[in-house]
Amino acid sequence: MDLDNYLLKKSTEEEISSIVKSLADAAIKISTIIRSVKTQEDVSKTDTKINFDGDIQKPLDISSDEIIISFLKKSPAAGYASEEQEGHIDFKNNNDFIVFADPLDGSSNIDVNVSIGTIFSIMSKNNLPLEKAFIQNGSNQKSSGFFVYGPQTTLLITVGAGTSLFALDELQGKFILIRDNIVIPETTNEFAINAAYKRYWDCATLKYISECQDGESGPRKKNFGMRWVGSLVADASRIFNRGGIFLYPADMREKYKNGRLRLTYEANPIAFLVEQANGVATDGHKNILNLEVNELHQRSPLIFGSKEEVLEYKKLYSKL
Ligand code: AHM
Ligand code: MG
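Residues numbered from 1 in each chain as written. Chains lettered and ligands numbered in written order. Predicted model: local features only at pLDDT ≥ 70, side-chain atom pairs only at ≥ 80, totals over all residues. Heavy atoms only, no water.

### Digging into the overall build of the protein chain
When helices and strands are counted, the protein chain shows nine helices and 15 strands. Taken against the 2.2 N^0.38 rule, which gives 20 Å for 320 residues, the C-alpha radius of gyration of the protein chain at 19 Å falls within 12% of a compact globule. With the model as given, the accessible surface of the protein chain reaches about 13900 Å², and the carbon-plus-sulfur share is 48%. Here the protein chain contributes 37 positively and 43 negatively charged side chains, and the mean placements of these two sets differ by 3 Å. (Helix = DSSP H or I, 4+ residues; strand = E, 2+ residues; numbered from the N terminus. Rg over C-alpha atoms; globule rule 2.2 N^0.38 Å. Areas by Shrake-Rupley, 256 points an atom, 1.4 Å probe, with all protein chains shown as cover. Lys, Arg positive; Asp, Glu negative; His and termini not counted. Charge placed at Lys NZ, Arg CZ, Asp CG, Glu CD.)

### As for the domain arrangement of the protein chain
Annotation of the protein chain at the domain level lists domain 1 (3–179) and domain 2 (190–317). Summarising the inter-unit geometry, the C-alpha centres of domain 1 and domain 2 are found 23 Å apart. Taken together, the contacts link 46 residues of domain 1 with 32 residues of domain 2. Counting across the domain 1 and domain 2 interface gives zero salt bridges. Summed over the shared surface of domain 1 and domain 2, the number is 13 residue pairs in polar contact (both at pLDDT 80 or more). The set of elements that each furnish at least two residues to the side of domain 1 that touches domain 2 consists of strand 3 (79–82), strand 5 (97–105), strand 6 (116–124), strand 7 (141–149) and strand 8 (153–158). Sort the elements by how many residues they give to the side of domain 1 that touches domain 2 and strand 7 lands first, with eight residues. A class-by-class count of the residues in the side of domain 1 that touches domain 2 yields 16 nonpolar, 22 polar and eight charged. (Domains from an automatic or database assignment. Contact = heavy atoms within 4.5 Å. Salt bridge = Lys/Arg side-chain N within 4 Å of Asp/Glu carboxyl O. Polar contact = N/O pair within 3.5 Å; in protein donor to acceptor, adjacent residues only side chain to side chain. Nonpolar A, V, L, I, M, F, W, Y, C, P; charged D, E, K, R; others polar.)

### Details of the coordination of the magnesium ion (ligand 2)
Donor atoms from the polypeptide that bind the magnesium ion (ligand 2) are Asp-102 (OD), Asp-105 (OD) and Glu-266 (OE), placed at 1.8 to 2.1 Å. Between the donor residues of the magnesium ion (ligand 2), the gaps in sequence give the motif D-x2-D-x160-E. Each member of the pair Asp-102 and Asp-105 is classed as buried. (Donors = N, O, S within 2.8 Å, 3.2 Å for Na, K, Ca; no water. Buried < 20%, exposed > 50% of the residue type's maximum accessible area, 1.4 Å probe, protein only.)

### Here we look at the site of ligand 1
Neighbouring ligand 1 are 16 residues; Gly-106, Asn-194, Tyr-197, Leu-232 and Tyr-248 lie closest to it. Asp-105 is positioned such that a nitrogen or oxygen atom in its side chain is 2.9 Å from an oxygen atom of ligand 1. One of the backbone nitrogen or oxygen atoms of Leu-232 is found 2.7 Å away from an oxygen atom of ligand 1. When ligand 1 sits alone it has 470 Å² of accessible area, and the protein chains cover 90% of it. The set of elements that each furnish at least two residues to the shell around ligand 1 consists of strand 5 and strand 13 (245–248). Residues of the shell around ligand 1, tallied by class, amount to six nonpolar, five polar and five charged. Mapped onto the domain boundaries, the shell around ligand 1 takes at least three residues apiece from domain 1 (3–179) and domain 2 (190–317). (Near = heavy atom within 4 Å.)

### Things to note about the packing of aromatic side chains
All chains considered together, the criterion is met by twelve aromatic pairs. Their ring planes at 45° and their centres at 6.3 Å tell us that Tyr-197 and Tyr-248 sit as a pair that is tilted. Taken together, the positions of Tyr-197 in the loop between strand 11 (190–192) and helix 6 (203–214) and Tyr-248 in strand 13 put the pair 51 residues apart, joining distant regions of the chain. Exposure remark for Tyr-197: the relative accessible area of 21% places this residue in the partly exposed category. By relative accessible area, which is 7% here, Tyr-248 ends up buried. Among the aromatic residues, those joined into a cluster by ring pairs are Tyr-197, Trp-228, Phe-246, Tyr-248 and Phe-304. One cation-aromatic arrangement involves Lys-74 over Phe-71; the distance from NZ or CZ to the ring centre is 4.5 Å. (Phe/Tyr/Trp six-rings, centres within 6.5 Å; stacked < 30°, edge-to-face > 60°. Lys NZ or Arg CZ within 6 Å of the ring centre and 35° of its normal.)

### Let's talk about the packing of helix 2 (residues 14–35) against helix 4 (residues 59–73)
Packing of helix 2 against helix 4 leaves a shortest axis separation of 9 Å and a crossing angle of 145°. Helix 2 and helix 4 meet at a crossing whose hand is right-handed. Together, Ile-19, Ser-22, Leu-23, Asp-25, Ala-26, Lys-29, Ile-30, Ile-33 and Ile-34 of helix 2 and Leu-60, Ser-64, Ile-67, Ile-68, Phe-71 and Leu-72 of helix 4 make up the contact between the two elements. Residues that form the contact of helix 2 with helix 4 fall into these classes: eleven nonpolar, two polar and two charged. (Axes fitted to C-alpha atoms, helices over the stretch in contact; angles between N-to-C directions. Left-handed = near helix turned anticlockwise from the far one by under 90°.)

### Regarding the pattern of salt bridges
Across all of its chains, the model carries 13 salt bridges by this definition. The closest approach of N and O atoms between Lys-174 and Asp-2, which form a salt bridge, is 3.5 Å. One end of the pair, Lys-174, is in strand 10 (residues 174–179); the other, Asp-2, is in the segment before helix 1 (3–10), with 172 residues separating them in the sequence. Overall, Asp-2 belongs to the buried group, its relative accessible area being 13%.

And the structure:
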């Protein structure tokens, strides 16, 4: 089944289907650019800039954002907000749905041919003015997903009726359904965290990871393996496929005291996909989808994946 037919079957809102199709067209274009030889010049480190929030912006971050905007302009989207721009864009129509995106997640992996991706989230404006519409909680999402530009170009998507995996058939220029109703295995023995930041972790994270590392002879009585790609989309893809737990907690660095990842266009869309696949996504205390959003670029701790492990982490966290 291709994406168009899937949306016909699963999505109750025509406008959402149309926006998703525009995002898929944008992703096909981004994927082509990433695979083109010209990209090698585009990604040269000398071209990097710093965005409004002090993050490194590479030329491909900016061109991905522009490509998404050009496709969304032709869709029924009412507004757009992304990691690459401080404020939102108003498409100046009276339509209902707004789009959040991280146009190119995993920027630090752009130069080294490691999977990167585009994350998106779609919500109703709920009759709010756009500034307010863009700070609604994640529980208002109607659809979310992410594209991965890796060995294959894939799409994990939910329209609120399960999580499904598509892969791009490059000859046809279409996304084809690979797996429907994905269920993240409840148990796992694989964790993903950037262990270089150990010295900044809180006690719960330190204890959780050290118990995993103690393996069979420790309190968990089983051996764990560690994987960390450093692109959220790639680490998440693995977890949807074979289970695992991903942790980017808040830490003691001033800039990351509320975590590093962004709530509206990274944590929320991933959390919606995770919940639709029987997993859990938390900031340690609360489910990600219940977190209050105060500003568009708000950061949040993000711990998600196999239910048993995320609940184990939460248990330690509640004792802090
Ligand atoms: P980005 O959106 O600027 O690429 O940053 C988000 C990325 C995630 O993909 C990844 O999980 C994380 O940053 C890695 O951070 P770190 O380099 O601190 O390990
Ligand atoms: Mg990102």
